[in-house]
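# Chain and residue survey
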Amino acid sequence: MTKQVLFVSDHGDPLAKLGGKQAGGQNTYVKQVSLALKNTGWQVDVVTHWCDENAPQIEHFGEHCRVIRVEAGVKGFVSKNEMYSMLPAFYEEMKRLLPLSTYDIVHTHYWLSGLIGKKLKEEFGLPYIHTSHSLGWAKEEATGTHDARREKAEETVLAHSDHILATTNTEKQVIKENVPAASPISVIPIGVDEAFRVRGSRHHIRKKFGYEDPLFVFAGRLEATKGIFTLLKAFKLLAEKSGDRYTPELVIAGGEPDAIDSKTGLPKDPELRQAVKGIEQHVRFVGPKDQEQLALLFNSATATIVPSFYESFGMVAAEAQACGSPVIASKVGGLKNVVEDGVSGLLVKAQNEIDLAIAMEVLSVNSLLVERLSRQAVRIARKDFNWESISKKINTLYEVMIRERSNALAGDRPGRNLSR
């Protein structure tokens, strides 16, 4: 018997090119969970905003997965910060396009999608599970930005969903601290795509692409909260201190395709241009890369740097470790769970370029430590970030929720409205 799950990922199109304005960890997670569930008998529909005008409205991927894109009044890119007002139109268009009552379960991603999940539960009686991907309270702690509307909505979603799927124990703790009446929470980590694996000698791959040793890699959006400016400050300190002993190199992957000046190879953004001034010869901005290209970069790296102010999980850290790259990461959020300090990488104080520079120097001059961290990173990734075992856990969670709903329907009094 075919099982059908509806993913609602309002701004996270799983087929969007990574590295763009809002194409990152959530997009990858939605895509990888969808593909992984095929082995447990699920058909997956992902409904998302039609952010790329050139993309088709319905697009298949994998064997039993498809993306359904809705305009919600605006076809083309819309910032997730502006999408709240579009939710009623998003929901109505979903109802016109999809036979919503036929789905067995709904899995919502991010708080905006969670609000739609709540509506689906109320109108169609569909059980829904929610994954936050990031939390307003954690963002406020990391950046000082208070978003009362978001926090109120998140509290509603996390209290009214049938189940919460957190990706780390840290995320679970933040939810419990801020939502006393939260729904039941299961912690299931994120897996990594099979593209992220060890490809051979780090030294050989690095030289093949013309990179120097030590080589540090950053992959992500070129935004302050991702720690890009902290990284550039730290790298400048490292370059100044290295002297004649070694010549460090930094490769930065990510950003919009047109964010890099093709003539100079430098970012067009004036703040980034200023931040890289004086170290241009040691820093390469290579733009967005696909998974195969990122895997080769991680395989080449002395270490991958994840200097974010906050990460709910930290997918880049998991992907890099699967490639045998030690990770230097901020000691925040889910990164504290993904990177084992002194085992698969080094954790440093967030927004602190001195701490980050020290960690980078340690690995620059200690190849034996790099190799030890590398071996242990691969071992941890194979054990903890394996999609086959993760998909089985998610499948079990879905089936338990469906069974509970079926039991509730069987035991309900005639005439009672189950959707309330």
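Residues numbered from 1 in each chain as written. Predicted model: local features only at pLDDT ≥ 70, side-chain atom pairs only at ≥ 80, totals over all residues. Heavy atoms only, no water.

In this section: the pattern of salt bridges. The final tally for this structure, using the stated rule, is 19 salt bridges. Here glutamate 154 ties to arginine 150 by a salt bridge, and the two come within 3.2 Å at their closest N and O atoms. Taken together, the residues span about one helical turn, with glutamate 154 and arginine 150 both in helix H5 (residues 148-160) at a distance of 4 residues. Each of the two residues, glutamate 154 as well as arginine 150, counts as buried. Between glutamate 388 and lysine 392 there is a salt bridge; the shortest N-O distance is 3.9 Å. Linking glutamate 388 with lysine 392, this pair stays in helix H15 (residues 387-411), spanning 4 residues, or about one helical turn. (Salt bridge = Lys/Arg side-chain N within 4 Å of Asp/Glu carboxyl O. Helix = DSSP H or I, 4+ residues; strand = E, 2+ residues; numbered from the N terminus. Buried < 20%, exposed > 50% of the residue type's maximum accessible area, 1.4 Å probe, protein only.)

Attention shifts here to the packing of aromatic side chains. Counting across every chain of the model gives 7 aromatic pairs. Their ring planes at 25 degrees and their centres at 6.5 Å tell us that phenylalanine 209 and tyrosine 211 sit as a pair that is stacked. A connected cluster of aromatic rings, assembled from ring pairs, spans Tyr84, Tyr110 and Trp111. The ring of tyrosine 84 carries the charged tip of arginine 149 above its face, separated from the ring centre by 4.3 Å. (Phe/Tyr/Trp six-rings, centres within 6.5 Å; stacked < 30°, edge-to-face > 60°. Lys NZ or Arg CZ within 6 Å of the ring centre and 35° of its normal.)

Between helix H8 (residues 228-242) and helix H13 (residues 353-365), the shortest axis-to-axis distance is 8 Å and the interhelical angle comes to 50 degrees. Classified by the interaxial angle, the pair formed by H8 and H13 is oblique. Crossing angle aside, the handedness with which H8 passes H13 is right-handed. For the pair H8 and H13, contact is made by Thr230, Leu231, Lys233, Ala234, Phe235, Leu237, Leu238 and Lys241 and by Glu353, Ile354, Leu356, Ala357, Met360, Glu361 and Ser364, respectively. Taken together, the residues of the contact of H8 with H13 break down into 9 nonpolar, 2 polar and 4 charged. (Axes fitted to C-alpha atoms, helices over the stretch in contact; angles between N-to-C directions. Parallel < 35°, antiparallel > 145°, perpendicular 65-115°, else oblique. Left-handed = near helix turned anticlockwise from the far one by under 90°. Contact = heavy atoms within 4.5 Å. Nonpolar A, V, L, I, M, F, W, Y, C, P; charged D, E, K, R; others polar.)

Turning our attention to the packing of helix H4 (residues 136-143) against H5. Relative orientation of the contacting elements H4 and H5 amounts to 145 degrees, with a least axis distance of 9 Å. Contact residues: Gly136, Trp137, Lys139 and Glu140 in H4; Arg150, Glu151, Glu154, Glu155 and Leu158 in H5.

Ranked by size, the top nonpolar core spans 56 residues in total, and within it Phe7, Ile394 and Tyr398 carry the most contacts. It is H15 that provides the largest number of residues to this core, a total of 6 residues. Apart from residues no more than four positions distant in its own chain, phenylalanine 7 is found in contact with Val30, Val33, Ser34, Leu37, Val44, Asp45, Val46, Val47, His107, His109 and Tyr398. In terms of nonpolar packing, the next biggest core, distinct from the first, is built from 34 residues, Leu232, Ile328, Leu363 and Leu369 among them. (Core = buried A, V, L, I, M, F, W, Y, C linked by side-chain atoms within 4.5 Å.)

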